[in-house]
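The chain contents come next:
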Amino acid sequence: MMILIINGPNLNMLGKRNKNIYGINTYEELFESLKIWGLKNEIKLEIFQTNHEGKIIDRIQKDDFQGLIINAGAYSHYSYAISDALEIIKKIKIEVHISNIYAREEFRHNSVISKNCNGVISGMGFDGYFMALDHIKKVLRGDF
């Protein structure tokens, strides 16, 4: 079983970005805590980050995973190309946002990728990734 975690633009700058919105933890800390979760749960995780829309689409289209968590960052709000790539993949997909996108600028209130995901977690900080992982694990193991 392999779960792919895609992080989009500027997420590699966690710890440097607005700490009131994104918290004090770094991307490296998120990466390490996700790896530990994978080891404890005996699930292979691939953690992929890019600032480039086309690379996100290329990675989704490989379709070599059983579940997907995507934090597409700002692309969530306007990338119909990423949305279309997600629509093609018929596996469990969870959209995650560290911040509460509904408490921020109005353009962030709409996500064009949500309709092609099975669920959305927003505003739970790094915990949102683990909530998504736990849910995907239950679905893949038939416990949900």
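Residues numbered from 1 in each chain as written. Predicted model: local features only at pLDDT ≥ 70, side-chain atom pairs only at ≥ 80, totals over all residues. Heavy atoms only, no water.

(A) Structural detail: the pattern of salt bridges. Overall, the coordinates contain four salt bridges when judged by the stated rule. For Arg59, the salt bridge goes to Glu46, with nearest N and O atoms at 2.7 Å. Here Glu46 lies in strand S2 (residues 44-49) and Arg59 lies in helix H3 (residues 53-62), a separation of 13 residues in the sequence. Owing to a relative accessible area of 4%, Arg59 belongs among the buried residues under this scheme. A residue is classified by how much of its surface remains accessible, and Glu46, at 26% relative accessible area, is partly exposed. (Salt bridge = Lys/Arg side-chain N within 4 Å of Asp/Glu carboxyl O. Helix = DSSP H or I, 4+ residues; strand = E, 2+ residues; numbered from the N terminus. Buried < 20%, exposed > 50% of the residue type's maximum accessible area, 1.4 Å probe, protein only.)

(B) Quick peek at the environment of Ser122. Counting through the fold element by element, Ser122 comes out in strand S5 (residues 119-122). When near neighbours in sequence (up to four residues on either side) are disregarded, Ser122 contacts His97, Ser99, Asn100, Ile101 and Tyr102. Looking at Ser122, its side chain comes within polar contact range of the main-chain nitrogen of Ile101, at 3.1 Å. (Contact = heavy atoms within 4.5 Å. Polar contact = N/O pair within 3.5 Å; in protein donor to acceptor, adjacent residues only side chain to side chain.)

(C) Local environment of the packing of aromatic side chains. Applying the stated criterion to the full structure yields one aromatic pair. An angle of 70° between the planes, with centres 5.8 Å apart, marks the rings of Tyr75 and Tyr78 as edge-to-face. Given the relative accessible area of 10%, Tyr75 is considered buried. (Phe/Tyr/Trp six-rings, centres within 6.5 Å; stacked < 30°, edge-to-face > 60°.)

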